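Inside the fold
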Amino acid sequence: MARNRVALVGIGKIALDQHVPALAASPDWELAATVSRHGSVEGIEGFADIQTMLDKRPDIGTVSLCLPPVPRFHAAQAVLRAGRNLMLEKPPGATLAEVHILRDLAQAQGVSLYATWHSRMAEGVEAARRLLADRVIHEGRITWREDVRKWHPGQDWIFEAGGMGVFDPGINALSILTRILPVPVHLTAADLDFPANRQAPIAARLTFSGGITADFDFRQQGPQTWDMEFKTDQGIVALRMGGNRLEIDGHKAGGDDSIMGEYPALYARMAELLRDNASDVDLSPMVLVADAFTLGRRGIVEPFEF
Ligand code: NAP
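What you see is a predicted model; the values in this text were computed from it and never measured.

Time to look at helix H1 (residues 13-24). Its twelve residues place the ends of H1 17 Å apart at the C-alpha level, agreeing with the 16 Å of an ideal helix rising 1.5 Å per residue. Taken together, the buried positions of H1 are occupied by Ala15, Gln18, His19, Val20, Ala22 and Leu23. The inward-facing, buried residues of H1 contact strand S1 (4-9), strand S2 (29-35), strand S4 (62-65) and helix H8 (262-276).

Bringing unusual backbone geometry into the picture now. Looking along the chain, the bond that leaves lysine 90 and enters proline 91 is cis, with omega of -15°. With respect to the helices and strands, the residue proline 91 is situated in the loop between strand S5 (85-88) and helix H4 (96-109). At methionine 164, a residue that is not glycine, the phi angle is positive and equals roughly 80°. In this fold, methionine 164 is placed in the loop between helix H6 (148-151) and helix H7 (167-180). Assessed through its relative accessible area of 7%, methionine 164 is described here as buried. The phi torsion at asparagine 277 lies on the positive side, around 50°, for a residue other than glycine.

Now for the site of the ligand. Contacts to the ligand come from 25 residues, most closely from Ser36, Arg37, His38, Arg72 and Asp168. At 2.6 Å, a side-chain N or O of serine 36 approaches an oxygen atom of the ligand. Interatomic distance of 2.8 Å between a side-chain N/O atom of arginine 72 and an oxygen atom of the ligand. Calculation on the ligand without its partners gives an accessible area of 880 Å², and the protein chains cover 81% of this total. If you list the elements that add at least two residues to the shell around the ligand, you get H1 and helix H3 (69-81).

Under the domain assignment, the chain is made up of domain 1 (4-115) and domain 2 (123-256 + 290-301). A separation of 27 Å is found between the C-alpha centroids of domain 1 and domain 2. With both chains or domains summed, domain 1 and domain 2 bury close to 730 Å², and 68% of this area falls on carbon and sulfur atoms. Of all residues in domain 1, the largest losses of buried area upon contact with domain 2 belong to Lys13, Lys90 and Pro91, amounting jointly to 54% of the total for that side. Here lysine 90 ties to aspartate 168 by a salt bridge, and the two come within 3.5 Å at their closest N and O atoms. Inspection of the region where domain 1 meets domain 2 yields one residue pair in polar contact (both at pLDDT 80 or more). Looking at the side of domain 1 that touches domain 2, its residues break down into five nonpolar, one polar and two charged.

What counts, and where the lines are drawn
- Residues numbered from 1 in each chain as written.
- Predicted model: local features only at pLDDT ≥ 70, side-chain atom pairs only at ≥ 80, totals over all residues.
- Heavy atoms only, no water.
- Helix = DSSP H or I, 4+ residues; strand = E, 2+ residues; numbered from the N terminus.
- Expected span 1.5 Å × (residues − 1).
- Buried < 20%, exposed > 50% of the residue type's maximum accessible area, 1.4 Å probe, protein only.
- Contact = heavy atoms within 4.5 Å.
- Near = heavy atom within 4 Å.
- Polar contact = N/O pair within 3.5 Å; in protein donor to acceptor, adjacent residues only side chain to side chain.
- Areas by Shrake-Rupley, 256 points an atom, 1.4 Å probe, with all protein chains shown as cover.
- Domains from an automatic or database assignment.
- Buried area = accessible area lost by both parts, 1.4 Å probe.
- Salt bridge = Lys/Arg side-chain N within 4 Å of Asp/Glu carboxyl O.
- Nonpolar A, V, L, I, M, F, W, Y, C, P; charged D, E, K, R; others polar.

Below is the structure:
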């Protein structure tokens, strides 16, 4: 069967680290063009402007946006208005209202929209969801601490308004949380630490309904931590390595400690959505982040430079 043609927009860190290799290995997809002001992929036709690509390549049915969240909406609207299917990196927009508009536009145009959450494709997530479905959760603790200089070198956008700061990785944890919990969760309190010279938080401590807390920090040196643990009526369930390793009562019970399967799984899901002429837009992780900005107490901490 012919592979679906896709254009990648925003050839930066995640496009090159994950999207390009995932597409190269996919039986469903052919990378047919890129759109980027500076980036490119060898051997693939490149455009500097999205409208030009959409006008010149009507054969490309799907566009995958790897831009940071703030510049993404304009490009997303152009794609949907041109009647193409659209895949969004996480978080799917700078605001919830933007994504509501995109969802309605995709429906009106009869195309597929996929707001991806790559961490939901981590190896242990579905097994954790099945396990927790039959358990009572007494308490949950998320620890998501990483070094922003290592994972987002020089990405000033992440600390600008709309860049989300530490919620850029933190929303990955929340995308897992909202997938695996058997009941809905909402935010009840938050403390946000803003560097004196930045517009987005570098650390956050969150409290949710159901006895769940989260500790997000972008200043972690040494070993990095992407863990969540749940005390249940039948013992402790833990997801480590960003959802890729499942443990039950301290023993490994699933997963393979690798993140390389996440992006191939996202593109397989997008191919499925195209076949079904369906969309997948779950905004529950982003609601928790928006509520943290709404309800959170703001503290000022020392200035941050990359
Ligand atoms: P990035 O490398 O800083 O940006 C991607 C590309 O977007 C840039 O190379 C740039 O390409 C374009 N771009 C940047 N700022 C722009 C602006 N203001 N206007 C228009 N284009 C702009 O970012 P990234 O790390 O790949 O992250 C992109 C998205 O992927 C984010 O939403 C992030 O949360 C998500 N993500 C990142 C990672 C990671 O490890 N970094 C992991 C998972 C998901 P040109 O200058 O060539 O146009």
